[in-house]
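Structure at a glance
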Amino acid sequence: MQLTILGGGGFRVPLVYGALLTDDHPDRVREVVLHDTDATRLASIERVLQQMGADHDDPPRVRASTDLDEAVAGADFVFSAIRVGGTQGRTVDERVPLSCGVLGQETTGPGGLAYALRTVPVAVHIAERIRELAPDAWTINFTNPAGIVTEAMSAVLGDRVVGICDSPIALARRAARACGVDPTTTALDVDYVGLNHLGWLQGLSAGGTDLLPGLVADPQRLATIEEGRLFGPEWLRALGTIPNEYLYYFYFTRDAVASILDAEQTRGEFLLQQQDAFYAELAARPDDALATWRRVREERDATYMREAREEDEARDAADIEGGGYEGVALAIMAAISRGEAADLILGVRNDGTVPGLPLGAVVEIPCRVDADGPHPLRVTAPTGHRLGLMAQVKEVEQLTIRASLERSPALALEALALHPLVPSVTTAREMLDGFRRRSPQIGALLGTP
Ligand code: G6P
Ligand code: MN
């Protein structure tokens, strides 16, 4: 089996390779093809993988290429984890909204829309090459903003593209542990519904009993998990659900903006520095590639979503461990290629499972995955503010896809202005001008004002 990883020079690629190394099934992935547009980063990550495989018998072969067609041809599975515009682009996505007093974040709010504007055409091109060169392949999309990008790719690949994220599964597992249930040994019925980075745990059953009502009413147990500390027990009790951590940016918008503005660097600025130093260190000391990667990874995980925590609040080991998107990816491949059925929360097209959202819109819901791919499971239909928020953000996402593909500044403005985190059409105009001026890819796509 061949797995092609797009964005193969990316920092999190060793996580995927590490997951493959735990697989000893005879029908496992035997060949990994890394693709990246940056040959230096590609060579660096290839070296990390070589060192990871060194003490394993028969590790998957690794091949690297900067040619997309060559990398995609013959793939059984394609993972896409690219970052169009690089980390530099991420800093622009953050700073432009922040300069208008609006949330500046990688995927949520106007920053995520800017990221989508420049990523969608590239993702659609990739989808077309996959359809042409590996028509039977399944594509697993981690490229952010994953909901928008998966939906854009699904116009070409249909149900053969699946979006993944680690945050819903991490939430479900943390909630189970807080209820004293070991998610690795107990079968759980997870009632989660949302868009990517905009969802809610609505129920969590083990052996037919819903554990969630007890959990949201128990401040002590809530305090043991990240979401409990993030949202606070009173708010979770009021909601009766546990939101995905990214809902922090919606429920505590002012606090988040103030905290991000208060810090010296945005997350993107921090990572730009950290990652540049990492790749430089790998080039300078290639023999230590794996050890360097491990150290930098720890630092990256420990500082994740720092704006949402108290200054001296460290992350719990169990929180950091989370769901692991590499585990989700491996489970999808095992389910499809060898029929090892698994229940996973995935980004798939709405087939009516979420009433009130457009059919075909990519939503994030529990699915049973088997040899034929993912099949959505039943979820409680969201109502009230959950449905309202999802519907509004989904419309914004769909406008963004159209804006990008039709190269339309007017549609881009509409998308930005209708986003619930954008306070005024005037602010949307200012931000769009900023994105067009400061992001070379968005400038090329929509023109510079
Ligand atoms: C989580 C999200 C990803 C996101 C990442 C950002 O894992 O699910 O979608 O890309 O966090 O982490 P970073 O270290 O890049 O800030
Ligand atoms: Mn995610």
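In this text the structure is predicted, and so the values were computed from the model without any measurement. (Residues numbered from 1 in each chain as written. Chains lettered and ligands numbered in written order. Predicted model: local features only at pLDDT ≥ 70, side-chain atom pairs only at ≥ 80, totals over all residues. Heavy atoms only, no water.)

1. A look at the nonpolar core
- By size, the foremost hydrophobic cluster in this structure holds 93 residues, and its most contacted members are Ile242 and Leu346.
- Two domains each provide a minimum of three residues to this core, namely domain 1 (2-84 + 106-163) and domain 2 (255-317).
- With 47 residues, the next largest nonpolar core counts Ala123, Met153, Ala403 and Ala417 among its residues. (Core = buried A, V, L, I, M, F, W, Y, C linked by side-chain atoms within 4.5 Å. Buried < 20%, exposed > 50% of the residue type's maximum accessible area, 1.4 Å probe, protein only. Domains from an automatic or database assignment.)

2. Digging into the pairing of strand β7 (residues 188-195)
- Counting buried positions over the 8 residues of β7 gives 6, a clear majority of the element.
- The hairpin formed by β7 and strand β8 (residues 198-206) contains 2 residues between the paired strands, and His197 there has a positive phi angle of roughly 60°. (Helix = DSSP H or I, 4+ residues; strand = E, 2+ residues; numbered from the N terminus. Pairing = 2+ DSSP bridges.)

3. What to know about the packing of aromatic side chains
- All told, the structure shown has 11 aromatic pairs when counted by the stated rule.
- A ring pair is formed by Phe231 and Phe252, whose centres lie 6.4 Å apart and whose planes are at 45°; its orientation type is tilted. Within this pair, whereas Phe231 is found in helix α10 (residues 226-231), its partner Phe252 is found in the loop between α12 (248-251) and α13 (253-262), the two being separated by 21 residues in sequence.
- Residue classification places Phe231 among the buried positions, given a relative accessible area of 3%.
- Overall, the relative accessible area of 22% leaves Phe252 in the partly exposed class.
- One aromatic cluster is present, built from ring pairs that chain together Phe231, Trp235, Tyr246, Tyr248, Tyr249, Tyr251 and Phe252.
- Lying over the aromatic face of Phe270, Arg306 brings its terminal NZ or CZ to 5.2 Å of the ring centre. (Phe/Tyr/Trp six-rings, centres within 6.5 Å; stacked < 30°, edge-to-face > 60°. Lys NZ or Arg CZ within 6 Å of the ring centre and 35° of its normal.)

4. With respect to the pattern of salt bridges
- A complete count under the given rule lists 23 salt bridges for this structure.
- Its salt-bridge partner being Glu106, residue Arg90 comes within 3.6 Å of it at the nearest N-O pair. Within this pair, whereas Arg90 is found in helix α4 (residues 86-99), its partner Glu106 is found in the loop between α4 and α5 (110-133), the two being separated by 16 residues in sequence. Both residues of the pair, Arg90 and Glu106, count as buried.
- A salt bridge links Glu406 to Arg402; the shortest N-O distance between them is 3.2 Å.
- For Glu406, a relative accessible area of 48% corresponds to the partly exposed category.
- What makes Arg402 partly exposed here is its relative accessible area of 41%.
- Through salt bridges with shared partners, a single network forms among Arg83, Arg90, Glu94 and Glu106. (Salt bridge = Lys/Arg side-chain N within 4 Å of Asp/Glu carboxyl O.)

5. Description of the domain arrangement of the protein
- Once the domains are mapped, the protein shows domain 1 (2-84 + 106-163) and domain 2 (255-317).
- Here the C-alpha centroids of domain 1 and domain 2 sit 23 Å apart.
- Taken residue by residue, the interface counts 13 residues in domain 1 and 13 residues in domain 2.
- Both faces combined, the contact of domain 1 with domain 2 buries some 1,300 Å², and carbon together with sulfur accounts for 66% of it.
- Along the contact surface separating domain 1 from domain 2 lie 7 residue pairs in polar contact (both at pLDDT 80 or more).
- Elements with a contribution of two residues or more to the side of domain 1 that touches domain 2: α1 (13-21) and α2 (39-53).
- Looking at the side of domain 1 that touches domain 2, its residues break down into 6 nonpolar, 4 polar and 3 charged. (Contact = heavy atoms within 4.5 Å. Buried area = accessible area lost by both parts, 1.4 Å probe. Polar contact = N/O pair within 3.5 Å; in protein donor to acceptor, adjacent residues only side chain to side chain. Nonpolar A, V, L, I, M, F, W, Y, C, P; charged D, E, K, R; others polar.)

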